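Structural features, examined
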Amino acid sequence: GFVFFNCFTHYFLPYSTFKIINDNFKEVFVELFGGGKGSLILSDEANILESGIEIEVQPPGKKLENLSLLSGGEQSFAAISLYLALQRVNPSPFCVFDEIESALDDVNIVKLASYVRRNSDKTQYILITHRRGTMERADTIYGITMRQKGISDYMKLNMAKLDDIIKEYAE
């Protein structure tokens, strides 16, 4: 589920902050989806403190829909767009994503990983993943392996030095 969407309805959110988040969501949505539209709408603008927030999205080539009418992958990507918009408004020093891209197809994994890479100047992103597209765009890959039964071993691979490592083993 998308429980974190409900957090807005329980806390005071000044309209100016809502507008900033909405503007960033629109930008991030278009950047990740490669077009379309995304927006946050107050369900009761007259009563901001009690209002819920609706998420309306229009992926490229589709009609405007409520989030609940999208496919699971599209819902996940829209939710990721909202989270990254919140990060853009108020960046944290680091962010851990635990298989956040598991519902995404390969094309959208590349879009997400590329976005994270381009926007990692203020936040260090740590992605726990098994997906190749995400790992291919990482600066560093860490892993745990069990070469001997019951003995875990730690691995670190600096992707910038990967070509040198391959050449060394190829000789």
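Residues numbered from 1 in each chain as written. Predicted model: local features only at pLDDT ≥ 70, side-chain atom pairs only at ≥ 80, totals over all residues. Heavy atoms only, no water.

Some thoughts on the overall build of the chain
Cut-off, in case you're wondering: A helix here means a DSSP run of H or I that spans at least four residues, while a strand means a run of E at least two residues long, and both kinds are numbered starting from the N terminus. Think of it in three bands: with a 1.4 Å probe and only protein chains considered, a residue is buried below 20% of the maximum accessible area for its type, exposed above 50%, and partly exposed in between. Contacts were defined at the residue level, with two residues in contact if any of their heavy atoms lie within 4.5 Å.
Each helix and strand counted, the chain has 5 helices and 7 strands in total. If you list the helices and strands of the chain from N to C, you get α-β-β-β-α-β-α-β-α-β-β-α. With the C-alpha coordinates of the chain rotated into their principal frame, the extents come out at 70 × 35 × 30 Å. Burial analysis of the chain (171 residues in total) assigns 32% to the buried set. For the chain, the proportion of contacts with a sequence separation of at least 24, taken over those separated by at least 6, is 52%.

Notes on the nonpolar core
So the rule is basically this: Put simply, a nonpolar core is a bunch of buried Ala, Val, Leu, Ile, Met, Phe, Trp, Tyr and Cys residues held in one set by side-chain atoms that sit within 4.5 Å of each other.
Grouped together as the largest cluster of nonpolar side chains are 28 residues, with contacts concentrated most on Phe25, Leu40 and Leu84. Within the residue set of this core, elements represented by two or more residues are helix H1 (15-33), strand E1 (37-42), strand E2 (53-58), helix H2 (72-89), strand E4 (94-98) and helix H3 (106-118). With 7 residues, H1 is the largest single contributor of residues to this core.

Some remarks on the sheet that holds strand E3 (residues 65-66)
Selection criterion: Being paired, for any two strands, means DSSP has found at least two bridges between them. Axis lines are fitted through C-alpha atoms, for helices just across the contact stretch, and the angle between N-to-C directions can take any value from 0 to 180 degrees.
Here we have 3 strands laid out as an open sheet, ordered E1-E2-E3, and antiparallel in their pairing. Two strands lie at the open edges of the sheet, namely E1 and E3, each paired on one side alone. Pairing of E2 with E3, which is carried by 2 bridges, proceeds in the antiparallel orientation. Its bridge partner lying in E3, Glu56 is registered against Asn66. Contacts between H1 and the sheet are confined to E1 and E2, with E1 contributing the most and set at about 160° to the helix.

Observations concerning unusual backbone geometry
With a phi angle near 50°, Glu99 is a residue other than glycine that sits in the positive phi range. Summarising the element assignment, Glu99 is placed in the loop between E4 and H3.

Some words on the packing of H1 against H2
Each packed pair of helices is defined by two parameters, the angle between the axes and the distance between the axes. What counts, and what does not: In what follows, roughly perpendicular refers to angles from 65 to 115 degrees, roughly parallel to angles under 35, roughly antiparallel to angles over 145, and oblique to any angle outside these ranges. Left-handed describes a crossing whose near helix is turned anticlockwise from the far helix through less than a right angle; right-handed describes the clockwise counterpart. The classification used treats Ala, Val, Leu, Ile, Met, Phe, Trp, Tyr, Cys and Pro as nonpolar, Asp, Glu, Lys and Arg as charged, and all other residues, Gly among them, as polar.
At their nearest, the axes of H1 and H2 sit 8 Å apart, and the two run at 130° to each other. For the element pair H1 / H2, the angle class is oblique. The handedness of the crossing between H1 and H2 comes out as right-handed. Listed contacts from H2 to Ile20, Ile21, Asn24, Phe25, Glu27, Val28, Phe29, Glu31, Leu32 and Phe33 of H1 are Glu74, Phe77, Ala78, Ile80, Ser81, Leu82, Leu84, Ala85, Leu86, Arg88 and Val89. Among the residues forming the contact of H1 with H2, the class breakdown is 15 nonpolar, 2 polar and 4 charged.

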